[in-house]
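# Inside the fold
So the chains spell out like this:
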Amino acid sequence: MKDNSNIIANAKKTILTESKAIANLANFIDSAFEEAVEFIYNSKGRVIVTGIGKSANIATKIVATFNSTGTPAVFMHAADAIHGDLGNVLEDDVVICISKSGNTPEIKVLVPLIKNYGNKIIAITGNIASFLGENADFPLNTFVEKEACPNNLAPTTSTTAQLVMGDALAVCLLELKEFTSKDFAKYHPGGALGKRLYLRVSDLIKNNELPQVSENDSVVKVIVEISEKRLGVTAVIKNDKIIGIITDGDLRRMLSKTTEINNFTAKDIMGNNPKTINENAMAIEALDALENNSITQILVTDDTNRYAGVVHLHDLIKEGIF
């Protein structure tokens, strides 16, 4: 039976080996990196990211990061590039070549072709003295002492270093572009992440009922209103303005004290200072309000401070925001 006693130790060793190598990358950030970022920022074209093997896998992730943070990018496999895909590279494009050794046959064929087209090359390589490093306009050093692989063969630490260097480029460009959360939302409209950035309270309440009673309505009417509208709450309204709130919890607390409810009105049991939120607020703000006040519903007002609806915690859960 195989001894599994070293699994935890090996996992920790892998993480520490890679983290040490990544920390050392900060020592390689120099004027070439700064110039590369500025060149991409001022370029009228796209960023073409290319590589082969595991470096190609890293290239696809870097492309995704660039695109999602406002820097148009395209992946081009280095092997396919020399068999027709080089046509993807347009006149104003910047090319990032990724290669640990910088001396693979495909890179040695591809680099001169790109340079003949007049495009600038940014190298992400673990060997600055390689063919790629010496022929790049902006060589970025991702040297690592060893792979996390015990045989020092499988690309592990080296590919992590490539990925981090790509992230550094993307984040620096993001900062230069003053890329905001609103910009981010444009590129991430789907899923919970996008909804956190663009979904508003008005979107949450449009399909909800509008439970409301007046201050002099009977408790029986309050119970019926809360039950029928199925939001566990009703607003108490006067002249279209919110003057109070009654939750199903308020009703339970009242009934625990007395069952003689015929003489009670909404005014007698309502909360006088309900939490509210404007319909134009972001949905994530509604979630913050619910969490900060330990409540499950919040009343909504419009720009004239009139009652507009109710946001329930279930609305946020349904949209995947909670």
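Quick caveat, the model's predicted, so the values are computed rather than measured.

Basis of the calculations
Residues numbered from 1 in each chain as written. Predicted model: local features only at pLDDT ≥ 70, side-chain atom pairs only at ≥ 80, totals over all residues. Heavy atoms only, no water. Helix = DSSP H or I, 4+ residues; strand = E, 2+ residues; numbered from the N terminus. Rg over C-alpha atoms; globule rule 2.2 N^0.38 Å. Contact = heavy atoms within 4.5 Å. Areas by Shrake-Rupley, 256 points an atom, 1.4 Å probe, with all protein chains shown as cover. Lys, Arg positive; Asp, Glu negative; His and termini not counted. Charge placed at Lys NZ, Arg CZ, Asp CG, Glu CD. Axes fitted to C-alpha atoms, helices over the stretch in contact; angles between N-to-C directions. Parallel < 35°, antiparallel > 145°, perpendicular 65-115°, else oblique. Left-handed = near helix turned anticlockwise from the far one by under 90°. Patch = residues over 30% accessible without salt bridge, like charges linked within 9 Å, V, L, I, M, F, W, Y side chains within 5 Å. Salt bridge = Lys/Arg side-chain N within 4 Å of Asp/Glu carboxyl O. Buried < 20%, exposed > 50% of the residue type's maximum accessible area, 1.4 Å probe, protein only. Pairing = 2+ DSSP bridges. Phe/Tyr/Trp six-rings, centres within 6.5 Å; stacked < 30°, edge-to-face > 60°.

## Topic: the overall build of the protein
In terms of regular secondary structure, the protein is built from 15 helices and 11 strands. Its C-alpha atoms give the protein a radius of gyration of 30 Å, clearly above 20 Å, the size a compact globule of 322 residues would have. Its C-alpha atoms give the protein principal-axis dimensions of about 90 × 60 × 35 Å. Pairs at least 24 apart in sequence give 64% of the contacts found in the protein among residues at least 6 apart. Surface summary for the protein: the accessible area is close to 17,200 Å², and the carbon and sulfur share equals 50%. Both charge centroids of the protein, one from 32 positive and one from 39 negative side chains, sit 4 Å from each other.

## Quick notes on the packing of helix α1 (residues 7–25) against helix α7 (residues 157–176)
Two elements in contact, α1 and α7, have axes whose closest approach is 9 Å; the angle formed by their N-to-C orientations is 40°. By the angle class used here, α1 and α7 are oblique. As α1 packs across α7, the resulting crossing turns out to be right-handed. Along its contact with α1, which presents T17, E18, A21, I22 and L25, the element α7 presents T157, T160, A161, V164 and M165.

## Remarks on a negative patch on the surface
Side chains of D30, E34, E35 and E38 sit close together on the surface and give a patch of like negative charge. Residue placement: E35 occurs in helix α2 (residues 31–42).

## Points about the pattern of salt bridges
As enumerated under the stated definition, the model contains 10 salt bridges in all. One salt bridge connects D167 with K61, and the closest N-O pair in it is separated by 3.2 Å. In this pair, D167 is assigned in helix α7 and K61 in helix α3 (residues 54–68), connecting sequence segments 106 residues apart. Since its relative accessible area comes to 25%, D167 is described here as partly exposed. For K61, a relative accessible area of 36% translates into the label partly exposed. Note that K100 and E147 form a salt bridge whose closest N and O atoms lie 2.8 Å from each other. Here K100 is found in the loop between β3 (94–99) and α5 (105–117), whereas its partner E147 is found in the loop between β5 (138–141) and α7, with 47 residues between them in sequence.

## Notes on the sheet that holds strand β4 (residues 121–125)
Read across the sheet, 5 strands follow the order β2-β1-β3-β4-β5 without closing on themselves; strand pairing throughout is parallel. Each edge of the sheet is formed by a strand with only one pairing partner; in this case those strands are β2 (73–77) and β5. Sheet twist, expressed as the average angle between the axes of neighbouring strands with direction ignored, equals 20°. Its contacts with the sheet put α2 on β1 (47–51), β3, β4 and β5, and the angle it makes with β5 is roughly 125°.

## Focus on unusual backbone geometry
Backbone geometry at N239 places phi at a positive 55°, although glycine is not the residue there. As for its placement among the helices and strands, N239 is situated in the loop between β7 (233–238) and β8 (241–247). With a phi angle near 55°, S294 is a residue other than glycine that sits in the positive phi range. Looking at the secondary structure, you find S294 in the loop between α14 (283–293) and β10 (297–301).

## Things to note about the packing of aromatic side chains
Per the counting criterion, the structure on display carries 1 aromatic pair. Between F39 and F138, the aromatic rings sit 5.6 Å apart at their centres with planes inclined by 40°, giving tilted as the arrangement. Here F138 lies in strand β5 and F39 lies in helix α2, a separation of 99 residues in the sequence.

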